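If you want the building blocks of each chain, they are given just below.
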Amino acid sequence: MSVHDGPGIRTTLFLKGCPLRCLWCHNPENLRTEPSLSYTEKLCVGCGACAAVCPHGVHGFENGIHRLHHSACANCGACIAECLTGALKLYGRTATAEETAQLLLEDTDFYRQSGGGVTFSGGEPLLQSAFLREVMRLLKAHDVHIAVDTCGAVPWSAFEDVLPYADLFLYDIKHPDPEMHKKGTGAGNERILENLRRLHESGAPVEIRTPVIPGYNDAEETLLQIAAILKPYGNITCWRLLPYHSMAKGKYQALGMDYPMPETEMPDNTRMRALQQKLAAVCPIVKLSSDETN
Ligand code: SF4
Ligand code: SF4
């Protein structure tokens, strides 16, 4: 029931692992390629069953308080099976391409009725492009619409793997300046811009997405520079502005990670609409995340 990751009603599959480390990431459970252990403190009743089975000493109790050493977890899943309250879970598992396609095809009626389909997101789904290509091939045999939500920071060969089956790319442009891009994400934007140019050459439809981060890229001139980058590309169907939000804070805590932007405020709707209207003068295809999908 995803309605913001491409047209219609979609099922979004999140693949683990990402080459970037965006400070505002709202899917921290997908940064690592390996499964990630999550612990929700408010669900824990302190029964100690997890500590009794963990072979790596991840769970400990100090004065009745449950402390976790996340980095020692070997992802065996033994404690998850013992936890009756659901306080523990592992994000991520392995699956074959066939198994994955079967799961995604269960929602085919919804795709058909709504003009929707499947979106691959992450993390960065193109880190597993050979696997993705095979899942996409199996879905295409059933005529499923397929979108790939990518940060673009992967070798071009990964795009080549999926181009024959992708109907739409949801493509992030986060900052026009390479140094600022590196500050916010851990890597420059050169490869991302080059891949965008190549996608244009390929003719693949692309929706650009820009997370609007206060104090980082929300200045009008910064967004105008992004608009100038997009201008030559006729394959871009839409430029969507996604307001920063802090709803992932709880996930960071559950994963034992520090939240990187504790002081950042969410931009309100009025500010976002004002930005969109100003940018529309130079880029008529700019929309907000709350606007209709196309
Ligand atoms: S998943 Fe395995 S290694 Fe990790 S905390 Fe649970 S029991 Fe320990
Ligand atoms: S098994 Fe679950 S409820 Fe029991 S101590 Fe561990 S996390 Fe808490």
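Residues numbered from 1 in each chain as written. Chains lettered and ligands numbered in written order. Predicted model: local features only at pLDDT ≥ 70, side-chain atom pairs only at ≥ 80, totals over all residues. Heavy atoms only, no water.

A. Geometry of the sheet that holds strand β11 (residues 286-288). The seven strands are arranged β1-β6-β7-β8-β9-β10-β11 in an open sheet whose pairing can be described as parallel. At either end of the open sheet lies a strand with only one pairing partner, and these are β1 (10-14) and β11. Pairwise comparison of adjacent strand axes, ignoring direction, gives a mean angle of 25° for this sheet. In this structure, strand β10 (residues 236-243) lies alongside β11, joined through three bridges in parallel fashion. What sits directly across from Trp-239, in β11, is Val-286. In this fold helix α8 (residues 190-202) packs onto β8 (168-172) and β9 (206-212), with an angle of close to 155° to the strand it touches most, β8. Sheet strands touched by helix α9 (residues 220-230): β9 and β10. Its angle to β10, the strand with the most contacts, is close to 160°. (Pairing = 2+ DSSP bridges. Helix = DSSP H or I, 4+ residues; strand = E, 2+ residues; numbered from the N terminus. Axes fitted to C-alpha atoms, helices over the stretch in contact; angles between N-to-C directions. Contact = heavy atoms within 4.5 Å.)

B. Layout of the environment of Leu-139. Note that Leu-139 resides in helix α5 (residues 129-140). Remark: the alpha-carbon pair of Leu-139 and His-4, spanning 135 residues in sequence, is separated by 20 Å. Apart from residues lying up to four places away in sequence, Leu-139 is in contact with Ala-101, Leu-104, Leu-105, Val-118, Phe-120, Val-144 and Ile-146.

C. Inspection of the layout of surface pockets at higher detail. Considered as a void within the structure, the largest pocket measures approximately 870 Å³ in volume. In this structure, the largest pocket is lined by 32 residues; those nearest its centre are His-26, Asn-27, Asp-149, Arg-209 and Leu-242. At the level of elements, β7 (145-150), β9 and β10 are the ones that each hand at least two residues to the lining of the largest pocket. The leading source of residues in the lining of the largest pocket is β10, at three residues. (1 Å grid on protein atoms, 1.4 Å probe; cavity = no way out; pocket = protein on both sides within 12 Å on 5 of 7 lines; lining within 4 Å. Points joined across faces, edges and corners; volume = space filled by probe spheres on them.)

D. Highlighting the pattern of salt bridges. Inspection of every chain in the model, using the stated rule, returns 16 salt bridges. For Glu-134, the salt bridge goes to Arg-137, with nearest N and O atoms at 2.8 Å. Here Arg-137 and Glu-134 lie together in helix α5, a separation of three residues that amounts to about one turn. By sharing partners, the salt bridges in this structure join Asp-5, Glu-207, Arg-209 and Arg-240 into a single network. (Salt bridge = Lys/Arg side-chain N within 4 Å of Asp/Glu carboxyl O.)

E. The arrangement of the domain arrangement of the chain in detail. Split into domains, the chain comes out as domain 1 (10-32 + 94-288) and domain 2 (36-91). Computed from C-alpha coordinates alone, the two centres of domain 1 and domain 2 are separated by 32 Å. Across the boundary between the two partners, domain 1 contributes seven residues, which contact seven residues of domain 2. Where domain 1 abuts domain 2, roughly 650 Å² becomes buried across the two surfaces, and 49% of that area is made up of carbon and sulfur atoms. On the surface where domain 1 and domain 2 come into contact, there are zero salt bridges. Seen at the junction of domain 1 and domain 2, the total is four residue pairs in polar contact (both at pLDDT 80 or more). When its residues are assigned to classes, the side of domain 1 that touches domain 2 shows two nonpolar, one polar and four charged. (Domains from an automatic or database assignment. Buried area = accessible area lost by both parts, 1.4 Å probe. Polar contact = N/O pair within 3.5 Å; in protein donor to acceptor, adjacent residues only side chain to side chain. Nonpolar A, V, L, I, M, F, W, Y, C, P; charged D, E, K, R; others polar.)

F. Focus on the side chain of His-181. Mapped onto the secondary structure, His-181 falls in helix α7 (residues 178-185). Only 2.7 Å separates the side chain of His-181 from the backbone oxygen of Ala-187, close enough to count as a polar contact. Residue contacts for His-181: discarding those within four places in its chain leaves Lys-174, His-175, Gly-186, Ala-187, Gly-188, Asn-189, Ile-192 and Tyr-216.

G. Representation of unusual backbone geometry within the structure. With an omega of 5°, the peptide bond between Gly-122 and Gly-123 qualifies as cis. Along the polypeptide, Gly-123 turns up in the loop between β6 (117-121) and α5. Although it is not a glycine, Asn-63 sits at a positive phi angle of roughly 50°.

H. Representation of the site of ligand 2. If you check the shell around ligand 2, you find 14 residues, and the closest are Cys-44, Cys-47, Gly-48, Cys-50 and Cys-83. For the shell around ligand 2, the class distribution of residues is ten nonpolar, four polar and no charged. (Near = heavy atom within 4 Å.)

I. Focus on α9. For α9, the full list of buried residues reads Thr-222, Leu-223, Ile-226, Ala-227 and Leu-230. One side of α9 carries all its buried residues, which in axial view fall inside an arc of 145°. α9 presents Glu-221 and Ala-228 as exposed residues on the side facing more than 90 degrees away from its buried surface. Contacts made by the buried residues of α9 are with α8, β9, β10 and α11 (269-280). (Buried < 20%, exposed > 50% of the residue type's maximum accessible area, 1.4 Å probe, protein only. Arc of directions from axis to C-beta.)

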